[in-house]
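So you can see what is in the structure, the chains are spelled out below.
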Amino acid sequence: MLSDFSLVLIFAIISALFIFGALFAGRFLRPSDPNTVKSETYECGEKAVGPAWIGFNIRFYLIALIFVIFDVEAALIFPVAAVFKKWIAAGQGLVALAEILVFIAVLVLGLVYVWVKGDLEWVKKFAQEHRNTGT
Amino acid sequence: MELLIDIAKVIIIAVAVLNLIPVLIWMERKGSAYIQDRRGPNRASILGIKLGGFIHNIADVFKLLFKEDIIPNKAHKIIYILAPMIVLGVAISIIAVIPFAAPVKIGEYVLKFQIADLNVGILYILAISSLSVYGILLAGWSSNNTYSLYGGVRASAQMISYEVAMGLALISVIIYMGSVRLDEMVTMQGANFWDWNFFRQPLACIIFLICLFAETNRNPFDIPEGESEIVAGYHLEYSSMKFAMFFMAEYAHIVAGSMIFVSLFLGGWQVPFLPASVLQGHLPLLLAVLMQATIFLVKVIFCCWLFIWVRWTLPRFRYDQLMYLGWAVMVPLALINIVITSILVSR
């Protein structure tokens, strides 16, 4: 009898084998005739201008940071949620409820902070900044 | 013997799920055609047998197998090859915890119709599905091409934003059910459809469904590959079987997402008005299991059709609208839902 997690591992290995097999089988069937024009970056059909690994909008980093905070907090609510009914059955319902509400309050506080700072709006804040600085 | 059963389960479920993908692709092509008032694929045939356009899928597989695999000079080669594998592998692995029918008792042995009845259930799904961000981001970055990079970055920002709302929506379901095991959750929903979670947790159901669309990068959330803006987004440079991996991953994601949605909100394998005990008591075991698996499949295919239906009906969101919807509508709604649910449950 295998444990449940080892079954999941076997399943993942089988799917990986399928993927490798599909990619590997193509190797013997497809032609390979590279030339300089063919192996250029396609992008949109025109010749690509400049390097592609450039800096992008800072907002994406902000979203990632907000996500980390929210996801960690959500991960902390999961255990409480899972035992919530058992606590109620044991007469501890109010404690668990208070705990969940405190967590939600912290999350809401974070959301309100981010919202007021304007990090959730992509266009408006930008336009406002331009108006304020007169550029 | 038990080992053999386990291995057989793994192989049968893997094959069944991989076979759903071409069916879905066929559904998408034919469905979109009929929505747009045209006939769709109807030319490819083997000895005159067309199967309503299904042969086109087989033709596609061979076409992609025989295509030259171009790796751009400027691409980061290792990551470029690895990325499609991550995307598809993750999409398939999600299915490991989905129950397909009620557990059957044969003597002392309880036969479960799911690959693994993990005690962390839903957490496994959340953990694994969030890994697919890596595949897409790496694909976009390693292609070394501006549009791919934009596609990858957009996709990752979108997926992590909606993941928060999705996790929060699931919390209220967990509070209501008191369990994170998928099998228990399906059993608890019972055979009457008004006891299923889409009826008991309507808000969580809607939030989860919308987040599922965003997580699978489907219309109306397909900005990462928006072909009118950034050509094809993160899989722009891919060709041959590597492109096929992305193509299959998209549909594998839809299948996996529909299975999760059905198990959590539409009662999973529960046959309406016929609980598992009644079915197993009055019918031969095999028939009862088959009936439940069929019902499960019907529900899953309906959900898959929903994905296709929405894609060919609604236009695409703008990126700022999408972010606004995720953070300013979905997250607060999910939080309110948690508060309401926990207060109602604790009464």
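Calculation rules
- Numbers given to residues run from 1 along each chain, matching the order in which its sequence is written.
- As a convention, the first chain written is A and the first ligand written is 1, with the rest following in written order.
- Only residues with pLDDT of 70 or above have their local features reported here, since the model is predicted, and side-chain atom pairs are shown and tallied only from 80 upward, although totals for entire chains, interfaces and linings are computed over all residues.
- Working from all heavy atoms in the structure, the side-chain values ignore hydrogens and water.
- Starting at the N terminus, helices and strands are each numbered in turn, a helix being any DSSP run of H or I of at least four residues and a strand any DSSP run of E of at least two.
- We call two residues contacting when some pair of their heavy atoms lies within 4.5 Å.
- Here the accessible surface of atoms and residues is derived via Shrake-Rupley with a 1.4 Å probe, and residues count as covered only by protein chains that are part of the display.
- When two components associate, each loses some accessible surface as probed by a 1.4 Å sphere; the sum of these losses over both components is called the buried area.
- By definition, a salt bridge exists where a carboxyl oxygen of Asp or Glu is found within 4 Å of a side-chain nitrogen of Lys or Arg.
- Gly is placed with the polar residues, together with every amino acid not listed as nonpolar (Ala, Val, Leu, Ile, Met, Phe, Trp, Tyr, Cys and Pro) or charged (Asp, Glu, Lys and Arg).
- Only protein chains enter the area calculation, which uses a 1.4 Å probe; residues under 20% of their type maximum are buried, those over 50% are exposed, and those in between are partly exposed.
- The term polar contact refers here to a pair of N or O atoms within 3.5 Å; inside protein, the definition further demands a hydrogen-donor-capable atom paired with an acceptor-capable atom, and it admits residues adjacent in sequence only when both atoms are side-chain atoms.
- Only Phe, Tyr and Trp rings take part, Trp by its six-membered ring, and two of them pair if their centres are within 6.5 Å. Stacked means planes under 30 degrees apart, edge-to-face means over 60, and tilted covers everything else.

### Re the overall build of chain A
Assigned secondary structure in chain A consists of four helices and zero strands. For chain A, the N- to C-terminal ordering of α and β elements is α-α-α-α. By sequence separation, contacts in chain A at least 24 residues apart represent 49% of the contacts at least 6 residues apart. In the form shown here, chain A has an accessible surface area of approximately 8,700 Å², with 70% of it arising from carbon and sulfur atoms.

### Section: the interface of chain A and chain B
Taken together, the 62 residues of chain A in the interface contact 83 residues of chain B. Three residues stand out in chain A for area buried against chain B, namely F11, W53 and F78 of chain A, and they jointly supply 13% of the buried area on that side. Counting every contact that joins chain A to chain B gives one salt bridge. The greatest single-element share of the side of chain A that touches chain B, amounting to 17 residues, is contributed by helix α1 (residues 4-29) of chain A. Residues of the side of chain A that touches chain B, tallied by class, amount to 48 nonpolar, six polar and eight charged.

### A word on the side chain of D222 of chain B
Residue and element names in this part refer to chain B. Mapping D222 onto the fold places it in the loop between α8 (202-215) and α9 (227-230). D222 gets classed as buried once you look at its relative accessible area, which sits at 8%. A polar contact is formed between the side chain of D222 and the side chain of R316, at a distance of 2.7 Å.

### Thoughts on the packing of aromatic side chains
All names here are of chain B. In total, this model carries 22 aromatic pairs over all chains according to the counting rule given. Here W194 and F273 contribute two aromatic rings whose centre-to-centre distance is 6.0 Å and whose plane-to-plane angle is 55°, an arrangement assigned as tilted. Here W194, found in the loop between α6 (182-189) and α7 (197-200), pairs with F273, found in the loop between α10 (240-265) and α11 (276-282); they are 79 residues apart in sequence, far enough to count as distant. Judged by relative accessible area, which is 37%, W194 ranks as partly exposed. Residue F273 is classed as partly exposed on the basis of its relative accessible area, which comes to 49%. Between F261 and F265, the ring centres sit 5.4 Å apart and the planes meet at 35°, which makes this aromatic pair tilted.

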